[in-house]
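Residue strings, one per chain:
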Amino acid sequence: MAELDWHAERSDLQGLAQLDRAPEVEGIDLVAVRTYRQQRVRQKMAEYGVDAVILSDPVNIRYATGTRNMQVFSMRNAPSRYLLLTQNRSILFEFTGCLHLGEGYETVDEVRPSKTASFVAAGPHIAERERAWVAEMADTIHELTGLKDATVGLERLNAGTAIALKEAGLNVVDAQQPVEMARAIKSPEEMKCVIASLRATEIGVGKLREAIRPGLTEAELWSVLHKSIIAQNGDYVETRLLNAGARTNPWFQETSDNVIGANELIALDTDVVGCHGYYADFSRTFHSGPDRPTDTQRELYKVAYEQVHYNMGILKPGMSFREYADRAWNIPDRYYANRYYLSAHGCGMTGEYPYLYHHGDFPDAGYDGVVEPGMTLCVESYIGEDGAKEGVKLEQQVLITETGIETLSRFPFEAHLLT
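Conventions adopted
- Residues numbered from 1 in each chain as written.
- Predicted model: local features only at pLDDT ≥ 70, side-chain atom pairs only at ≥ 80, totals over all residues.
- Heavy atoms only, no water.
- Helix = DSSP H or I, 4+ residues; strand = E, 2+ residues; numbered from the N terminus.
- Expected span 1.5 Å × (residues − 1).
- Buried < 20%, exposed > 50% of the residue type's maximum accessible area, 1.4 Å probe, protein only.
- Core = buried A, V, L, I, M, F, W, Y, C linked by side-chain atoms within 4.5 Å.
- Contact = heavy atoms within 4.5 Å.
- UniProt positions renumbered as here; feature names shortened; annotations may be inferred.
- Pairing = 2+ DSSP bridges.
- Axes fitted to C-alpha atoms, helices over the stretch in contact; angles between N-to-C directions.
- Parallel < 35°, antiparallel > 145°, perpendicular 65-115°, else oblique.
- Left-handed = near helix turned anticlockwise from the far one by under 90°.
- Nonpolar A, V, L, I, M, F, W, Y, C, P; charged D, E, K, R; others polar.

Under an unreviewed UniProt entry, the chain has the name Peptidase M24 and belongs to Roseibium algicola.

Below is the structure:
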């Protein structure tokens, strides 16, 4: 059992274990997780009339098959590793020299070598490479579907390959909607992976909190979280969101070599792609000490805490996105300009569908839908006055159940900032 009593008043967190080292010991049936996810993609393909999808986003490939390989590299070198999925066949085109990584998965029927159709791989011969890529893919799709004009969903291919697929007679559509809708609903077994990632991330945030002291740079403190995540077999941190003092306002200032001063607020958004590839996404704000937080710092924290917990309290299955926006906590005028861009958002292997917008933003940015059991949502707050010195970022990750919500993120809030 990992030691999590990082502060005397935080001894209430019992049973948080380092998971993903030996998932079978923790009772996670990864075969069931993978087969459920692939079935979800195929179900949504059928609903949206898509005969085949070519997935090159590594997160989507992992969702549909469970396979992982150089995720960040392949995000910027597409298509260098891709998946062709139909209702009856799953062919993983794996990167050069890596075919063994796709073997042994019940979600992969065949592993073939990929052909990287990108400018860095082909140089001035990119158009020729793309045509060859499309010729092979179109022939395979025709063979698997029996259709010359099959409807094919794409999500991250470069423009040349998409145009060439269209010219080959295929009906090209966007695969984002069916894939995102598939990912939105988690199975009970899948939730064990989500919780494993959260528990591991909470261990890392605990170590980060223990390490806080004036004189460290933001980057030095942030690296404590990285070390813990990687040591627990997590993947990576998707953003650079740890700031201190004046760099907490406005939000979205990336972690830097700024030196943390005495008695400053330190705001963190985890954004961890952790165990089993699942997103652990919660936010906390700390105080560097050594003195007691100021009245202003505590007021910011209490307002952010109120927003998060109020909005958690209204979430329920069957609620429309518009109803949520109408009923959500009203942001005081003095904090409105610097509000977080979302009120809540979906969360799975990354931040994902749905986005739930604030009431004031709904007319321009919002869309309707229904909050459903099996969705995991992150409820957001950023509170900081425009032009003021500091701000507070808080966020909780929750599961929508048949009757309400279950809070998933367990990392404690700061008692000395709430009193």
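Picking up after the structure, the text goes on.
Novice: Looking at this model, I keep getting lost on helix 8 (residues 188-211). Mind explaining?
Specialist: An α-helical turn contains 3.6 residues, so any two residues separated by three or four positions project in the same direction. Between its first and last C-alpha atoms helix 8 spans 35 Å; for 24 residues at 1.5 Å apiece the expected length is 34 Å, and the two agree. Of all 24 residues in helix 8, 18 are buried, a share of seventy percent or more.

Novice: Whenever I open this one, the nonpolar core confuses me. Can you help?
Specialist: A general feature of soluble globular proteins is that nonpolar side chains tend to end up buried together. Counting residues in each nonpolar core, the largest one holds 53 residues, and the members touching the most others are Leu-221, Ile-266, Leu-268 and Phe-286. For this core, the element with the most residues is helix 8, which contributes eight residues. Residues contacting Leu-268, with those up to four places away along its chain left out, are Val-205, Leu-208, Trp-222, Leu-225, Leu-241, Leu-242, Trp-251, Phe-282, Ser-283, Arg-284 and Phe-286.

Novice: Help me understand the UniProt feature "domain: Peptidase M24" (unreviewed entry) in the chain in this model?
Specialist: Using the residue numbers shown here, the UniProt feature "domain: Peptidase M24" (unreviewed entry) corresponds to residues 197-402. Structurally, residues 197-402 is divided into 31% helix and 22% strand, and its ends, taken at the C-alpha atoms, are 23 Å apart.

Novice: What is the right way to look at the environment of Arg-37 in this model?
Specialist: Counting through the fold element by element, Arg-37 comes out in helix 1 (residues 30-47). Judged by its relative accessible area of 3%, Arg-37 is buried. Between the C-alpha atoms of Arg-37 and Lys-186, which are 149 residues apart in sequence, the distance is 8.4 Å. Excluding residues within four positions of it along the chain, Arg-37 makes contact with Arg-62, Tyr-63, Gly-66, Glu-190, Tyr-278 and Met-349.

Novice: Please explain the sheet that holds strand 5 (residues 151-154) as it appears in this structure.
Specialist: Two strands in a sheet stick together by hydrogen bonds in their backbones, pointing the same way (parallel) or opposite ways (antiparallel). Taken together, six strands build an open sheet; the order of strands is 4-3-2-1-5-6 and the sheet is mixed. Edge positions in the sheet fall to strand 4 (110-113) and strand 6 (171-174), since each of these pairs with one other strand and no more. On average, each strand axis in the sheet is tilted by 25° relative to the strand beside it, whichever way the strands run. Sheet topology note: the strand 3 (residues 90-94)/strand 4 ladder contains four bridges and is parallel. For Leu-92, the partnering residue across the bridge sits in strand 4 and is Val-111.

Novice: Explanation requested: the UniProt feature "domain: Creatinase N-terminal" (unreviewed entry) in the chain in the structure shown.
Specialist: According to UniProt, the positions carrying the feature "domain: Creatinase N-terminal" (unreviewed entry) are residues 37-185. Strand forms 17% of residues 37-185 and helix 44%; the C-alpha atoms that close the span are 9 Å apart.

Novice: Would you mind going over the packing of helix 8 against helix 9 (residues 218-231) with me for this structure?
Specialist: Describing two packed helices takes the angle between their axes plus the distance from one axis to the other. At a closest axis distance of 8 Å, the pairing of helix 8 and helix 9 adopts a crossing angle of 150°. It follows that helix 8 is roughly antiparallel to helix 9 by the angle criterion. Every pair of crossing elements has a handedness; the one defined by helix 8 and helix 9 is right-handed. Of the residues in helix 9, those in contact with Ala-200, Thr-201, Ile-203, Gly-204, Val-205, Lys-207, Leu-208 and Ala-211 of helix 8 are Leu-221, Trp-222, Val-224, Leu-225, Ser-228 and Ile-229. Looking at side-chain class alone, the contact of helix 8 with helix 9 contains 10 nonpolar, three polar and one charged residues.

Novice: I tried to follow the pairing of strand 1 (residues 52-55) on my own but got confused; where do I start?
Specialist: Regular strands have side chains that alternate between both faces of the sheet. Taking every second residue as pointing to the same face, both faces of strand 1 are buried, with Ala-52 and Ile-54 on one and Val-53 and Leu-55 on the other. Here strand 1 runs beside strand 5; their pairing, made up of three bridges, is parallel. What sits directly across from Ala-52, in strand 5, is Val-152. As paired elements, strand 1 and strand 2 (residues 82-86) share four bridges and run antiparallel to each other. Bridge pairing links Ala-52 to Thr-86 in strand 2.

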